[in-house]
Structures are given as structure tokens and as C-alpha cells.
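# Descriptive structure summary
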Amino acid sequence: MSEIKRGFEPCYDDNSKLLILGSFPSVKSRQVQFYYGNKQNRFWKTISGFFGDEVPQTVEEKKEFLKKRRIALWDIVTECEIEGSKDDTIKNFKVADIKKVLQNSKISFIIVNGGKAFSIFEKNFSDIGVPYVKLPSTSPANTRFTKEIWYDYLSRAFG
């Protein structure tokens, strides 16, 4: 039997405007104890590039960046059994209480990062009452990633 792995608490505050939801932290993210810890993942480069900022390096710099830019981060799965970092092996999972974040922030748009996160999100929150979109995963395993679509939806969220 596989061991249950736990994800992170949501990173947000009462001024957060955009919620970005991933699936579940990768092995490297769990090692550094923060979101998108794999340096090959395009997340931090894409998000900081959109704002014209330097890529934050430390967990504290990343938290400060998110707060300054009014971005909330969380994963749709809070705990599960998973093999390595492979989304397609996620099983016996608990779904995040997204409404908790919405009630305590100014979230007006949700970006769901990748297919697995989106399928779980839609199954549980299709009636959430906040506009949302599925974007291509920033994972290094996704060969079809383009930052342009991310930039398009980030400009909609912050426009």
C-alpha cells in the first residue's frame, strides 16, 4: 500500500485576486516545501516574465512576489497516494476546499494549471460562480506548453 502524501496550505491573503490551482506538489516541490519547486517547471519563469520581474529564487521571495502581484496558489488535491510526480497515478485523494480561499480573498478569476487539476476541479467545482480556465501545464513533461496563452489569460485576470 502506498503512503499518503500531503500537499501545502494555500498561499493567499485577503487581497488575492487570481487563484492558480495545480494538481499536487511534485517530488521536488515537496523537498523544498513550496509550489513549483522543480527548476525545470516553467511556472515561476512564466508568471514573473508576464510582470517583467526577475524570477524569485527563495521561498520567501516567491511568497513576497505572490502577495505583491495578488496571486493565490494552491493545489486541487490536498493529500493523495502518488507515484513520484506523475499526475496520472494520483489516487485516494482529498479535494481542496476552494470555497475557503474564495470567502477570504478577492478572487475574481481562477487558472487551472493542467489537465489532471482541471478534471478534478470541474468534477467538484464547475458551479463555483467564479470564471475559470484550463491552461496548458507548466510542467517540463508538457511539450506543448506556450507562455503566450498564459500571458493572454493573465492579462485578462489583471486587465
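Up top is the structure these notes are about.
All of these numbers come straight from a predicted model, not from anything done at the bench.

Enumeration over the complete set of coordinates arrives at 4 salt bridges. Asp53 serves as the salt-bridge partner of Arg69, at 3.1 Å between the closest nitrogen and oxygen. With Arg69 in helix α3 (residues 59-69) and Asp53 in the loop between α2 (43-51) and α3, this residue pair connects regions lying 16 residues apart in the sequence. When the shortest N-O distance is used, the salt bridge between Asp152 and Arg156 registers 3.0 Å. Residue Asp152 and its partner Arg156 are located together in helix α6 (residues 147-158), separated by 4 residues, close to a single helical turn. On the basis of relative accessible area, Asp152 is assigned to the partly exposed category, the value being 32%. One network of salt bridges, in which partners are shared, links Arg6, Glu79 and Lys94.

Overall, the coordinates contain 15 aromatic pairs when judged by the stated rule. Centroid distance Trp44 to Phe65: 6.2 Å. Interplanar angle 75°. Geometry classified as edge-to-face. Placement of the pair is Trp44 in helix α2 and Phe65 in helix α3, with a sequence separation of 21 residues. Centroid distance Phe109 to Tyr153: 6.3 Å. Interplanar angle 10°. Geometry classified as stacked.

Turning our eyes to something else, we now look at the sheet that holds strand β3 (residues 71-75). Pairing within the open sheet is parallel, and its 4 strands lie in the order β3-β2-β6-β7. A strand with exactly one partner marks an edge of an open sheet, and here the two such strands are β3 and β7 (132-135). Adjacent strand axes in the sheet meet at a mean angle of 20° when their direction is disregarded. Examined bridge by bridge, strand β2 (residues 18-22) and strand β6 (residues 109-113) share 4 bridges and lie parallel to one another. Directly across from Leu19, in β6, lies its bridge partner Ile110. On the sheet, α6 packs against β2, β3, β6 and β7 and is oriented at approximately 160° with respect to β6.

This next bit is on the pairing of β7. By the alternation rule, side chains of β7 split into Val133 and Leu135, which are all buried, and Tyr132 and Lys134, of which none is buried. Pairing of β6 with β7, which is carried by 4 bridges, proceeds in the parallel orientation. Of the residues in β7, the one forming a bridge with Ile111 is Val133. Following the chain from β6 across helix α5 (residues 115-125) to the adjacent parallel β7, one finds a crossover that is right-handed.

What follows concerns the pairing of strand β4 (residues 77-81). For β4, the buried fraction is high: 4 of the 5 residues fall into the buried class. As paired strands, strand β1 (residues 5-6) and β4 are joined by 2 bridges and run antiparallel to one another. Pairing of Lys5 across the sheet is with Cys80, part of β4. Bridge analysis of β4 against strand β5 (residues 91-95) gives 3 bridges, and the strand direction is antiparallel. Considered in β5, the bridge of Glu79 is made with Lys94.

Okay, the packing of α2 against α6 next. Running from N to C, α2 and α6 cross one another at 50°; their axes reach a closest spacing of 10 Å. Overall, the two elements α2 and α6 adopt an arrangement that is oblique. Between α2 and α6 lies a crossing of right-handed hand. Within the contact between the two elements, α2 uses Phe43, Thr46, Ile47, Gly49, Phe50 and Phe51 and α6 uses Lys147, Trp150, Tyr151, Leu154, Ser155 and Phe158.

Definitions and cut-offs
Residues numbered from 1 in each chain as written. Predicted model: local features only at pLDDT ≥ 70, side-chain atom pairs only at ≥ 80, totals over all residues. Heavy atoms only, no water. Salt bridge = Lys/Arg side-chain N within 4 Å of Asp/Glu carboxyl O. Helix = DSSP H or I, 4+ residues; strand = E, 2+ residues; numbered from the N terminus. Buried < 20%, exposed > 50% of the residue type's maximum accessible area, 1.4 Å probe, protein only. Phe/Tyr/Trp six-rings, centres within 6.5 Å; stacked < 30°, edge-to-face > 60°. Pairing = 2+ DSSP bridges. Axes fitted to C-alpha atoms, helices over the stretch in contact; angles between N-to-C directions. Contact = heavy atoms within 4.5 Å. Right-handed = clockwise from strand over helix to strand, strands pointing away. Parallel < 35°, antiparallel > 145°, perpendicular 65-115°, else oblique. Left-handed = near helix turned anticlockwise from the far one by under 90°.

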